[in-house]
Structures are given as structure tokens and as C-alpha cells.
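# Results of the structural survey
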Amino acid sequence: MHNPARILLAPLALGLSLSGLSAARAQEPVAREPTAAIAPSETAIGLIYRPEAAPSSYDAEAVPEDEGVAGARMAVKDNNNTGRFTKQTYRLDEVALEPGTGGDGGQKAAAAARDLAGRGIRYLIVALPADEVLAVADAVKGQGVTVFNVAAPDDRLRGADCRRNVFHVIPSRAMQTDALAQFFTLMRWRKMFLIVGPQENDRLYADAFKTSAKKFSLKINAEKPWTFGPLAKARGDTPTRSEAMVFTRGVDYDLAIVADEPGDWGDYVPFRTVDPRPVAGTQGLIATTWHPMLETWGAAQAQNRFRRQSGRLMRPLDYQAWEAVRSVGEAATQKKTADPAVLAPYFAEPGFSLPAYKGVSLTYRPWDHQLRQPLIVVQPKALVSVAPEQGFTHQRTPLDTLGIDLPETTCKFAD
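Remember, predicted model here, so these are calculated numbers, not experimental data.

### Here's the deal with the overall build of the protein chain
- Helices and strands together make up the secondary structure of the protein chain, namely 10 helices and 17 strands.
- Residues counted as buried form 55% of the 415 residues belonging to the protein chain.
- On the protein chain, roughly 17,400 Å² of surface is accessible, and the fraction owed to carbon and sulfur atoms is 53%.

### A word on the nonpolar core
- Core analysis: the biggest nonpolar cluster contains 48 residues, and Ile45, Ile125, Phe148, Phe347 and Tyr364 have the highest contact counts within it.
- Of all elements in the fold, only strand E3 (42-49), helix H2 (69-86), strand E5 (89-96), strand E6 (123-127), helix H8 (299-310), helix H9 (316-335), helix H10 (340-346) and strand E16 (375-379) reach the threshold of two or more residues within this core.
- Element by element, the count of residues in this core is highest for H9, at 9 residues.
- For Phe148, the residues in contact, after removing those within four places along its chain, are Tyr123, Leu124, Ile125, Val126, Phe167, Val169, Ala324, Ser327, Val328, Phe347 and Tyr364.
- Phe183, Val196, Ala259 and Val377 belong to the second-largest nonpolar core, a separate cluster that totals 26 residues.

### Brief notes about the packing of aromatic side chains
- Tallied over the entire structure, the rule returns 25 aromatic pairs.
- An angle of 85° between the planes, with centres 5.3 Å apart, marks the rings of Phe148 and Phe347 as edge-to-face. Here Phe148 is found in strand E7 (residues 146-149), whereas its partner Phe347 is found in the loop between H10 and strand E14 (363-364), with 199 residues between them in sequence. Like Phe347, Phe148 is buried.

### Comments concerning the side chain of Gln182
- Checked against the element boundaries, Gln182 lands in helix H5 (residues 173-187).
- Here the side chain of Gln182 touches Thr401 through a polar contact of 2.9 Å, side chain to side chain.
- Excluding residues that lie within four positions of it along the chain, Gln182 makes contacts with Phe216, Ala387, Pro388, Glu389, Phe392, Thr401 and Leu402.

### Focus on the sheet that holds strand E17 (residues 382-387)
- Read across the sheet, 3 strands follow the order E13-E16-E17 without closing on themselves; strand pairing throughout is antiparallel. At either end of the open sheet lies a strand with only one pairing partner, and these are strand E13 (286-288) and E17. Here the strands of the sheet are splayed against their neighbours by 35° on average, with no regard to which way each runs.
- Across 5 bridges, E16 lies against E17 in antiparallel orientation. Looking across to E17, one finds that Leu375 is bridged to Ala387.
- Those strands touched by H5 are E13, E16 and E17, and its axis lies near 65° from that of E16.

### Digging into helix H3 (residues 105-118)
- Under the 1.5 Å per step criterion, the end-to-end length of H3 is 20 Å for 14 residues, consistent within 8% with the ideal 20 Å.
- Residues of H3 that are buried include every one of Gly105, Lys108, Ala109, Ala110, Ala112, Ala113, Leu116 and Ala117, and no others.
- In this fold, the buried residues of H3 make contact with E3, E5, E6 and helix H4 (130-139).

### A closer look at the sheet that holds strand E11 (residues 255-259)
- Judged by pairing direction, the sheet is parallel, and its 4 strands sit side by side in the order E10-E9-E11-E12 without closing on themselves. The sheet terminates laterally at strand E10 (219-225) and strand E12 (279-281), the two strands that pair on one side only. Between one strand axis and the next, the sheet turns by 30° as a mean value, whatever way the strands run.
- Here strand E9 (residues 191-196) runs beside E11; their pairing, made up of 5 bridges, is parallel. Within E11, the residue paired with Met192 across the bridge is Leu255.

### Thoughts on the state of the cysteines
- Applying the stated criterion across every chain yields a total of 1 disulfide.
- Linked covalently through their sulfurs, Cys162 and Cys411 form a disulfide whose S-S length is 2.1 Å. On the sign convention where negative is left-handed, the bridge of Cys162 and Cys411, at about 95° about the S-S bond, is right-handed. In this pair, Cys162 is assigned in the loop between E7 and strand E8 (166-168) and Cys411 in the segment after E17, connecting sequence segments 249 residues apart. The pair Cys162 / Cys411 is uniform in exposure class, with both members buried.

### Quick word on the environment of Pro153
- Looking at where Pro153 falls in the secondary structure, it is placed in the loop between E7 and E8.
- The spacing of Pro153 and Asn201 is 48 residues in sequence and 9.7 Å in space, taken between C-alpha atoms.
- Each residue touching Pro153, except ones within four places of it in the same chain, is listed here: Arg158, Ile170, Pro171, Ser172, Arg173 and Gln176.

### Considerations on the packing of H2 against H8
- At their nearest, the axes of H2 and H8 sit 10 Å apart, and the two run at 110° to each other. Our classification of the angle between H2 and H8 gives roughly perpendicular. Contacts between H2 and H8 involve Ala70, Gly71, Met74, Lys77 and Asp78 on the former and, on the latter, Ala302, Arg305, Phe306, Gln309 and Ser310.

### As for the confidence of the model for the protein chain
- Counting all residues, the mean pLDDT for the protein chain is 88, and 87% of those residues have values of 70 or more.
- Per-residue pLDDT stays below 50 along residues 1-34; that stretch engages in 100 contacts with residues further than four places along the chain or on separate chains.

### Thoughts on the packing of H2 against H9
- Running from N to C, H2 and H9 point in directions that differ by 20°, and their axes come no closer than 7 Å. Looking at the two axes, H2 sits roughly parallel to H9. At the point where H2 passes H9, the crossing takes the right-handed sense. Contacts between H2 and H9 involve Val69, Ala70, Gly71, Ala72, Met74, Ala75, Val76, Asp78, Asn79 and Thr82 from the former and Asp318, Ala321, Trp322, Val325, Arg326, Gly329 and Thr333 from the latter.
- For the contact of H2 with H9, a count of residues per class yields 9 nonpolar, 5 polar and 3 charged.

Basis of the calculations
Residues numbered from 1 in each chain as written. Predicted model: local features only at pLDDT ≥ 70, side-chain atom pairs only at ≥ 80, totals over all residues. Heavy atoms only, no water. Helix = DSSP H or I, 4+ residues; strand = E, 2+ residues; numbered from the N terminus. Buried < 20%, exposed > 50% of the residue type's maximum accessible area, 1.4 Å probe, protein only. Areas by Shrake-Rupley, 256 points an atom, 1.4 Å probe, with all protein chains shown as cover. Core = buried A, V, L, I, M, F, W, Y, C linked by side-chain atoms within 4.5 Å. Contact = heavy atoms within 4.5 Å. Phe/Tyr/Trp six-rings, centres within 6.5 Å; stacked < 30°, edge-to-face > 60°. Polar contact = N/O pair within 3.5 Å; in protein donor to acceptor, adjacent residues only side chain to side chain. Pairing = 2+ DSSP bridges. Axes fitted to C-alpha atoms, helices over the stretch in contact; angles between N-to-C directions. Expected span 1.5 Å × (residues − 1). Disulfide = S-S within 2.5 Å. Parallel < 35°, antiparallel > 145°, perpendicular 65-115°, else oblique. pLDDT = per-residue confidence, 0-100. Left-handed = near helix turned anticlockwise from the far one by under 90°. Nonpolar A, V, L, I, M, F, W, Y, C, P; charged D, E, K, R; others polar.

Here it is as C-alpha cells:
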């Protein structure tokens, strides 16, 4: 679950400069606009996110200040368009947490969640890292609040750290790497050269890819750490280039796999390897939920509608926030009620389905609450394939060939 390549793989944070806030306000969540009381026929959906600080200098690929937020806003409009026929209305209550919180991010996220829940909001969209998703989930446990994780791909949230009140819209890392591994298998590219960045998330992505490689009988012929710094963000060439070229010499591989979730160096690798080899992983050929090149299954209309409303292209985080908000609207339409006590268990039931411009309706897995969805395999300027690939079958649905299946799950929901 990230140019378009840099567009897709930018960190899942939201770019909005809040530097003008006072030091006193910096200690509390910041509501974007006043929130009125919830009308009896109205469903309020909370969005908790942390904007990314504006870049210190010009950056053509800076994260939009409304990333994720714009997708949620479009979904609320979609919900209200449908709600006109069912006499249901929806609104979005946005809470922006201060960037650069250090070690107290979970406390502030939990405080924001408790505040929203205290105002009667029973659906929270959370665009935050894994630890803060858990903090939010635990803060509202037992209050009938459903949390939608739209930004944390960590497999542990679907495993040992799963929570009954959390549903995961963003694909897990396992789903992303499985999608790529299926495509490599189809293309008969078997020998991998895994290059791993220095960040913890890079290691987690590399671990997920190793699991996928084993699952689909791919061979990792070599694994090396990246030690040359953030060359993808460097201006112009540097003497380090020759060292990076030597770095890839003497390895027998069909494909270089880069694990660089922050996007510091992965875009530097293509066309600089000693031997001419394709690059995939977090850069190059990637697996994601959304891309400007996706136009089938009605996606072109959604792309155009988003552009008219937001003045830019839709990014994966926008789409994931849209999916979360639309999950609430679609469940309410299907059950003919917005009662949270009815909808919360319904999300994981077989009867729930979400049309989402993917050619099939999407559902949540009951064993870990992960949204089943096709992933698109794309390069910066073209859609290459769609996973699950043809030929990969499953007793329930081919979508369960992506990610952790029921027999392997370590998720045990606590009562």
C-alpha cells in the first residue's frame, strides 16, 4: 500500500504547513473548522491525520497539503448524493495533529479520538503510522467506534497487534509484495537482487518481500544494504555514482528489488545498474491501490471528478480515504440504517460489498479486517498489470491470494 512513481510512493503523510500555530495550540489537536452538533439524520465521520511540514525549498514533488483529506471530502459528497434517496446525510469532521510530535504522537492521536467519540462520532478515518492507529483504537475501545486505517501498511496490525474495532483499507505490505511476486512469476522472472534501505520501514518491506518470494517460489540470489545516502534527492550527479554502479556488479539476477519506503534513493537505481535490469519494489514497478493511468471500470470518471473538485490528480492515500468513507455510506445504504451498532459488525459480513472502480466489489476479511481489493501493478507512465493475476486461484476468492490468508493469520481479536 507510494512522477507518478514518486507521487504514488511519497510517505503516507499529509502536506500542510501549520507553522503559524502558537506554541500553546501546538500541544493539542487542531480542528480545521468548527463542529456543530450532529443532527438525528446525520452521520458524522471523523478524520484524524498529521500534515507533513512544507518543504524548506522548492520541491516539484511535494506532498499536496490536502492529500487524503481531498479523497475523504469527495467520498462525503458521494455519500450525500446517494443519501438524498435514502434520507441520510453525512459530514466530515477533520482533525489535523501537529507535525513532528516526537514520542507523544500516540497520546495526541488518542486525545483527538476521545474528543471525536465524546461528540458522538462513531466512525474514525485514521491516516497515521501504526503505533498511533493502535493508540486510537485502544482509546475508543468499547465505545462502539469503528476505526478505518488508511495509511499504515504494517502487517502486525493485521496479525499480533490486530484490533476488533479496526478495519484496514490500505493494503498490507504482504499484499503489495504478493502482487509484485505474482507478476514476476507470470513473467518467469525468478532471480531477485534485494536492496534494502536503512530505515525500519525499509526492513519491514524487505521482510514482506522475502515472504512473498518464498510463497511464489522466487529466489533471492543476493541481498545488500543501501549505504550511499539519499541520492534520489540529490541535485545533479555526485562521485558516489560510480560506487553505486559497482555495488550491482557480479550479481546474477533478473530483477532488482528496492526497499525504500521514504523514497530517498530507490528512484536512483533504474538505469544505473551495471547490467541492464528492471527495477521494482517501492520504486520502479510498484503495486498500489490507485494511479493516474487507471481508467477502466469507471475509474476515468472518478479521476476527472476528483480533479474538478481538488485541482490535482488523485493519489493512493486519497483513494484509500475515499474507500473508508464510502464503506460507511455503502453499508448504511445496504442495511437501510446508519445505526453504528448495526453497521460495525456488518462491515466484516459476507453481505457487505463496496463498488470501488476495481472491476469487482470489495469486501473485508473477517479474520483480520483487511479490505480485499485488486492491486494495480504500474510504472510511472503506464498500468502494467492487475493483481491477482490470472491463474492464481483460491477456494474463496482470488483476492485472498494477496496477503495473509486465514490459515496463516496470527490475528486473534480480544473480546
